[in-house]
Amino acid sequence: MTAYILRRVLYLIPTFFGATFLAFLIIQMAPGDYLTQLELDPKVTPETIARLRAQFGLDRPVYEQYLLWMNNLFHLNLGYSFAYQAPVLEVIWPRVLNSMVIVIPSTVLLYLVAIPVGVYGALRPYTLGDRVLSFLAYVGLSVPSFFLALIAIYVLLQIKFATGTLLFPVSGMTSSGFEQMPPLRQILDIAWHAVVPVLVATANDIAGLSRLMRGQMLEVLSQDYIRTARAKGLAERAVIYKHAFRNAVIPFVATLGGLLPGLISGAGFVEVVMAWPGITPFFLDAVANQDLYVIAGFLTVSLVLLMVGNLLSDLLLAWVDPRIRYE
Amino acid sequence: MRKALWLVGLLALGGLASAQTFVWPQKWTVAKPQEAKRGGTLRAAVISDYRTFNPFITAEATNVPDLISGGRGLVMRDPTTGNWIPYMAESWTVSPNKLEITFKIRRGMKWSDGRPITADDWITTWRIHTDKAVGSNSYDSFFLDGKPITLRKIDDYTVRFIYPKTDAEAFAVASFEPWPAHIFGPVYQREGAEGIKKMWGLNEDPDKIVSGGPWLIESYRPGERLVLKRNPAFGEWNKDEAGNPLPYLDRYEIKIVKDVNAQLAEFLAGNIDVIAPATVDHISQIRQAIQQGRLDATIKVNASPVASSQFMVFNWNKASDPFKQSLFRSDKFRRAMSHIVNRQAVIDIVYGGLGTPMYSSVYPVLTQWINPKVPKYEYNLQQAAKLLAELGFTKKDREGYLVDSKGRRLEFNLATNAGNTQREQIAKLIVDEAKKVGVKVNFQAIDFNTLVGQLLSSGPDRPFDAIIIGLTGGGLDWPFGANVVPCKGNLHMWNKSGQCLDPRETQLDALYSRGRAELDFEKRVEIGYRMQEIEAQLLPVIYIAGPNYHPAWNNRLGGEHPDAIISSIWGQRELELTFIKK
């Protein structure tokens, strides 16, 4: 097992270099750079732009920029944001934390809801309940999250117009005067703001995951050993939860690795639409501005987490699935 | 003991009395000073996040340093007249050769940390802005034709600006906002530009940010909210006509809301007080909410055009295609193209009827600069066809497109930046109208950076035919672009060969320099009128139309501008004179 882990870790090294170089290359292949916007400003002279380009190192060849960046990376420095004129980590980190306020509850909620819903559907296939859930799942799958967020805002506003009270905030993460609140009120305030974004962020994923769970469960339930277990006279509860469920859930363990980078990659367009100060709007800004090192730095952190996550899920898989042995 | 206290009190009063106050004229607001109430919070929203508190490296149009300082310096403009008036200066004198302006600085002004504001602050600020290594966005504004504008301290309360030549924008240069020399000076001396760049980042403790303007930073939550609080030191020398210290508001809170729909929702829910909706849909939603009594607010539809331009530019440098090059260089051809631009349709379709047609490089909102007698070449397909016929395009080919005697088809490519739906719609309208007279226009939406790359490429052969793009940034003092009009300018987009190709370009170039150096406003306007006449003959770019400005506010706010001055230039109000009614 130790040898296996060691080998896996060693494989990660070339993967890391290959992936970062590719990412860097692709970012650089986009036409223009951070200063292109400035070129259409009638007040800025071309000399000034050339000077800034030299200052940011954007006039050097790509491989040189990459090596310089790698060198910084080994000193645990992700680089410098052009737009913020500050270290990348310093500007990214608060956003990642904000995103986690949505991502963690929504992930927990996702598994709490999707798995039981999937199991329910598999145990009573093609009944009215299953059909209703299936229908809702397809609706959830087909409505993009940004649109769902807009609908949520619309509904909140209509309720406000009708009753005069705002059930949940239409945007943002904190209320006015947040800084003056006592700590407990601050936590409650953030929680109150998070309700709608968490629900919207979860809604989409529930559909997919519960469908997957239903399919897995149906497949396992049709296996011979389940029939055998039932024939043996085992209680239905034990058949379903001890034999079927444990086997059906194995593929999900493999996806757990993906959760790790998911934690820092934000809740997507919900954040943009509901003005949640997470990583998604920030990253979109960086892409639009071609803020090179913010993009590269963020991709690198995601990459490392993805690699670590995959490693962990492989190990977990070995632990839950007795068929896998590393020798 | 009591006597001593009295004495201290008297001395303090004496000190206050000697502060030279700036009285904010009553005519700048609809409210009378006695109506104004103190206290309360103004709530607004912006689309993009703030990136730094540092005044020397900030690069955004709306930024924290401008907010807290009020964006004003020695002089400011009177919104009712557009004239420069003394602000942090008490008065000024201009030298007989008009190359030096000496400003007497108002006494009694203080930084928020209690230190006096003096000539040193201007000198240090100017030094840092003009240090190449700092990379300040204001760097270029301290140079005239590549020659530096210098500042000299005469005494603590006198500072002299020395210009390399006479300049219409001299006061605009002098209006830059000062920053505290006692904070930035020592760091600059010790660590130079690198030290300055590290100062006042977003992680800086807001209490350490010193301001000379109306606001101080109370708190900032990245991507979320900036909260400003009143700077009491500002109120010591900024008063209303009744002698009340300004600003009236306790706080100014700015939410960062990246989505315009969410901003609208916040306004409709009464969570923010001011908004300037850009689309017809948003305007009608606000109107509806007001009419149905769900929102107590005011909206001024079509208050003025916005200060920006949208235009189509043809490439004069196409050595690889002499046919197109001679076509694009022909003013007759460009005039024909102006005749096919259906500006009213652009306004109706693209701006939902809420826009203004454009015919000259001067933004329509700068009314005193617009020469009314200049020909406009409005939408007229017959006229376009006639002009094209004069160019030899009389026959049509099988597909219905015009060809000349050698059978060459009248066809060009038109590009704009993908994602700008308004420009894409304009382009499609042009394609349709052009087809009606037999001109084939191939429209393509391309990446913004690629487009800018093509537009700003130079030399005899550039890689595009025609582009739709826009500019902002023309000023009230001299509305012509410093690097647009001169033939060597990097935004002289139609011709980047590096020299004037048409005698009228040479004329414009010369008039530009003359106007920029003319200090008499009336004479300058005359030169501007003449330039517009030549522009109309040459038609280097074809102006299309622009959207209008529609400010709206919640009626809990008081102190907006009188209707006559609400515009995209002056905005809906002076924050200093804004108050909360209820």
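Residues numbered from 1 in each chain as written. Chains lettered and ligands numbered in written order. Predicted model: local features only at pLDDT ≥ 70, side-chain atom pairs only at ≥ 80, totals over all residues. Heavy atoms only, no water.

- Identification of chain A as ABC-type dipeptide/oligopeptide/nickel transport system, permease component from Thermus oshimai JL-2 is taken from an unreviewed UniProt entry.
- What UniProt states about chain A under its Sequence similarities (unreviewed entry) heading is, verbatim, "Belongs to the binding-protein-dependent transport system permease family."
- For chain A, the Subcellular location (unreviewed entry) comment in UniProt is given as "Cell membrane". (UniProt positions renumbered as here; feature names shortened; annotations may be inferred.)

1. Structural notes on the overall build of chain B
Then, in step 1: Counting its secondary structure elements, chain B contains 16 helices and 29 strands.
Then, in step 2: Taking 582 residues into account, the globule formula puts the C-alpha radius of gyration at 25 Å, and chain B, at 27 Å, falls close to it.
Then, in step 3: Its C-alpha atoms give chain B principal-axis dimensions of about 105 × 60 × 45 Å.
Then, in step 4: Looking at chain B alone, contacts between residues at least 24 apart form 69% of all its contacts between residues at least 6 apart.
Then, in step 5: Surface summary for chain B: the accessible area is close to 23600 Å², and the carbon and sulfur share equals 51%.
Then, in step 6: In chain B, the 72 positive side-chain charges and the 64 negative ones have mean positions that sit 1 Å from each other. (Helix = DSSP H or I, 4+ residues; strand = E, 2+ residues; numbered from the N terminus. Rg over C-alpha atoms; globule rule 2.2 N^0.38 Å. Contact = heavy atoms within 4.5 Å. Areas by Shrake-Rupley, 256 points an atom, 1.4 Å probe, with all protein chains shown as cover. Lys, Arg positive; Asp, Glu negative; His and termini not counted. Charge placed at Lys NZ, Arg CZ, Asp CG, Glu CD.)

2. Let's talk about the domain arrangement of chain A
Residues and elements named next belong to chain A.
Then, in step 1: Taken domain by domain, chain A comprises domain 1 (1-88) and domain 2 (98-324).
Then, in step 2: The distance between the C-alpha centroids of domain 1 and domain 2 comes to 32 Å.
Then, in step 3: The interface of domain 1 with domain 2 comprises 31 residues on the first partner and 20 residues on the second.
Then, in step 4: Taking both partners together, domain 1 and domain 2 bury about 2200 Å²; carbon and sulfur atoms supply 74% of that area. (Domains from an automatic or database assignment. Buried area = accessible area lost by both parts, 1.4 Å probe.)

3. Quick word on the interface of chain B and chain A
Then, in step 1: On the side of chain A, 48 residues touch chain B, which itself brings 51 residues to the contact.
Then, in step 2: Regarding the contact of chain B and chain A, the summed buried area is about 4200 Å², with carbon and sulfur atoms giving 53% of it.
Then, in step 3: Linking lysine 258 of chain B and aspartate 285 of chain A is a salt bridge whose minimum nitrogen-to-oxygen distance equals 3.0 Å.
Then, in step 4: Across the chain B-chain A interface, the total number found is 15 residue pairs in polar contact (both at pLDDT 80 or more).
Then, in step 5: For the side of chain B that touches chain A, the secondary-structure elements that each account for two or more residues are β11 (215-221), β14 (251-256), α7 (260-268), α14 (448-456) and β24 (466-472) of chain B.
Then, in step 6: Ranked by the residues each element gives to the side of chain B that touches chain A, the list is headed by α14 of chain B, at six residues.
Then, in step 7: Class assignment of the residues belonging to the side of chain B that touches chain A gives a composition of 20 nonpolar, 14 polar and 17 charged. (Salt bridge = Lys/Arg side-chain N within 4 Å of Asp/Glu carboxyl O. Polar contact = N/O pair within 3.5 Å; in protein donor to acceptor, adjacent residues only side chain to side chain. Nonpolar A, V, L, I, M, F, W, Y, C, P; charged D, E, K, R; others polar.)

4. Some points on the pattern of salt bridges
When their charged atoms lie close together, side chains carrying opposite charge are able to pair.
Residues and elements named next belong to chain B.
Then, in step 1: Overall, the coordinates contain 41 salt bridges over all chains when judged by the stated rule.
Then, in step 2: We note a salt bridge from glutamate 100 to arginine 160, for which the minimum N-O separation is 3.9 Å. Placement of glutamate 100 in strand β6 (residues 100-105) and of arginine 160 in strand β10 (residues 158-162) is noted, with a sequence separation of 60 residues between them.
Then, in step 3: Residue class for glutamate 100 comes out partly exposed when judged on its relative accessible area of 26%.
Then, in step 4: Taking the shortest distance from any N to any O, the salt bridge between aspartate 404 and arginine 408 comes out at 3.1 Å.
Then, in step 5: Connected through shared salt-bridge partners, Asp397, Glu399, Arg409, Glu411 and Lys440 make up one network. (Buried < 20%, exposed > 50% of the residue type's maximum accessible area, 1.4 Å probe, protein only.)

5. Remarks on the packing of helix α3 (residues 119-129) of chain B against helix α5 (residues 181-197) of chain B
Residues and elements named next belong to chain B.
Then, in step 1: Two numbers describe how α3 lies on α5: the axes approach to 10 Å, and their chain directions differ by 15°. Put simply, α3 runs roughly parallel to α5. α3 and α5 meet at a crossing whose hand is left-handed. In contact with Asp120, Asp121, Thr124, Arg127 and Ile128 of α3, α5 contributes Ala181, His182, Phe184, Gly185, Tyr188 and Ile196.
Then, in step 2: Across the contact of α3 with α5, the residue classes tally to five nonpolar, three polar and three charged. (Axes fitted to C-alpha atoms, helices over the stretch in contact; angles between N-to-C directions. Parallel < 35°, antiparallel > 145°, perpendicular 65-115°, else oblique. Left-handed = near helix turned anticlockwise from the far one by under 90°.)

6. Section: the sheet that holds strand β25 (residues 541-543) of chain B
Residue and element names in this part refer to chain B.
Then, in step 1: Strand order in the open sheet made by the five strands is β23-β22-β24-β18-β25, with mixed pairing throughout. Each end of this open sheet is capped by a strand with a single partner; those strands are β23 (440-446) and β25. Neighbour to neighbour, the strand axes of the sheet diverge by 30° on average, direction disregarded.
Then, in step 2: Strands in contact with helix α13 (residues 421-437) are β18 (308-314), β22 (411-417), β23 and β24; relative to β23, the strand with the most contacts, it is inclined by about 170°. (Pairing = 2+ DSSP bridges.)

7. Some points on the sheet that holds strand β26 (residues 545-549) of chain B
Residues and elements named next belong to chain B.
Then, in step 1: Ordered in space as β17-β26-β19, the three strands form an open sheet in which the pairing is antiparallel. Two strands lie at the open edges of the sheet, namely β17 (304-305) and β19 (355-357), each paired on one side alone.
Then, in step 2: Pairing between β19 and β26: three bridges, direction antiparallel. For proline 357, the partnering residue across the bridge sits in β26 and is alanine 545.

8. Remarks on the packing of aromatic side chains
Then, in step 1: In total, this model carries 48 aromatic pairs over all chains according to the counting rule given.
Then, in step 2: Note on phenylalanine 328 of chain B and phenylalanine 333 of chain B: the rings are 5.9 Å apart at their centroids and 40° apart in plane angle, and the pair reads as tilted. For the pair phenylalanine 328 of chain B and phenylalanine 333 of chain B, a shared accessibility class is recorded, and that class is buried.
Then, in step 3: Of the aromatic side chains, those joined through ring pairs into one cluster are Phe21, Phe24, Tyr34, Phe56, Tyr66, Trp69, Phe82 and Tyr293 of chain A.
Then, in step 4: A cation over a ring is seen here: arginine 51 of chain A above tyrosine 139 of chain B, with NZ or CZ 4.2 Å from the ring centre.
Then, in step 5: Here arginine 294 of chain B stacks its cationic end above the ring of phenylalanine 161 of chain A, 4.0 Å away from the centre of that ring. (Phe/Tyr/Trp six-rings, centres within 6.5 Å; stacked < 30°, edge-to-face > 60°. Lys NZ or Arg CZ within 6 Å of the ring centre and 35° of its normal.)

9. Some details on α3 of chain B
All names here are of chain B.
Then, in step 1: In terms of burial, α3 is largely enclosed, as nine of its 11 residues are buried.
Then, in step 2: Burial in α3 covers these residues: Ala119, Asp121, Trp122, Ile123, Thr124, Thr125, Trp126, Ile128 and His129.
Then, in step 3: Residues of α3 that are buried sit in contact with β6, β9 (150-155), β10 and α5.

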